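Observations on the three-dimensional arrangement
Given next are the chains, with one letter for each unit.
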Amino acid sequence: MRYRDTGDYQNLGAPVDDNLMFFSVILGIILGFAFIAFGLRVKRYWMVIWGTGLILAASSYFVMRMLGYF
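For the structure given in this document, a descriptive report is provided here. (Residues numbered from 1 in each chain as written. Predicted model: local features only at pLDDT ≥ 70, side-chain atom pairs only at ≥ 80, totals over all residues. Heavy atoms only, no water.)

Notes on the overall build of the protein chain
Note the cut-off: The way it works is that DSSP assigns letters per residue, a run of H or I at least four long becomes a helix, a run of E at least two long becomes a strand, and they are numbered from the N terminus. In this description the radius of gyration comes from C-alpha coordinates, and the expected globular size is given by 2.2 Å times residues to the power 0.38. Whether two residues are in contact is decided by their heavy atoms, any of which lying within 4.5 Å being enough. Here Asp and Glu are counted as negative and Lys and Arg as positive; His is not counted, and neither are the chain ends. By convention, charge coordinates are those of NZ in Lys, CZ in Arg, CG in Asp, or CD in Glu.
A count of helices and strands for the protein chain gives two helices and zero strands. Against the globule reference of 11 Å for 70 residues, the protein chain gives a C-alpha radius of gyration of 18 Å, more extended than a compact globule. Along the first, second and third principal axes, the C-alpha atoms of the protein chain reach 50 × 40 × 15 Å. Looking at the protein chain alone, contacts between residues at least 24 apart form 38% of all its contacts between residues at least 6 apart. Side chains of the protein chain give 6 positive and 4 negative charges; the mean places of these two sets differ by 24 Å.

Below, the structure is given as structure tokens:
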């Protein structure tokens, strides 16, 4: 084996906190709106599609949370 396995698998650290997840979702929605605005301004419609997809993906977190999946 090329690399030595020296990992401590009993103490992996803290999992992702709910506040970090919420901040990531809000950041995704803000970036999605920024992609849409900039894409419309420079007439790059792939950015509009990308921003719309990002907003839908980030918003789905809130829907799934309200339905009780998280």
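So, the packing of aromatic side chains
What counts, and what does not: Ring pairs are drawn from Phe, Tyr and Trp, using the six-membered ring of Trp, whenever the two centres fall within 6.5 Å, and their geometry is named by plane angle: stacked under 30 degrees, edge-to-face over 60, tilted for the rest. For every residue, the accessible area obtained with a 1.4 Å probe (protein chains only) is divided by the maximum for its type, and the residue is called buried under 20%, exposed over 50%, and partly exposed between those limits.
Evaluated as defined, the whole model comprises two aromatic pairs. Ring centres of Phe22 and Phe62 lie 6.0 Å apart, and the angle between their planes is 70 degrees; on these two criteria the pair is classed as edge-to-face. Pair noted here: Phe22 is in helix H1 (residues 18–42) and Phe62 is in helix H2 (residues 45–66), with a separation of 40 residues, a long-range link. On the basis of relative accessible area, Phe62 is assigned to the partly exposed category, the value being 27%. Taken together, Phe22, Tyr61 and Phe62 form an aromatic cluster joined through their ring pairs.

Some thoughts on the environment of Met21
Take Met21: it is sitting in helix H1. Taking the relative accessible area as the measure of exposure, Met21 reaches 34% and is therefore partly exposed. A C-alpha to C-alpha distance of 9.4 Å links Met21 and Tyr61, two positions 40 residues apart in sequence. Sequence-distant contacts of Met21, that is, excluding residues within four places in its chain, are made with Val16 and Tyr61.

A word on the environment of Leu67
Among the secondary structure elements, Leu67 is positioned in the segment after H2. For Leu67, a relative accessible area of 59% translates into the label exposed.

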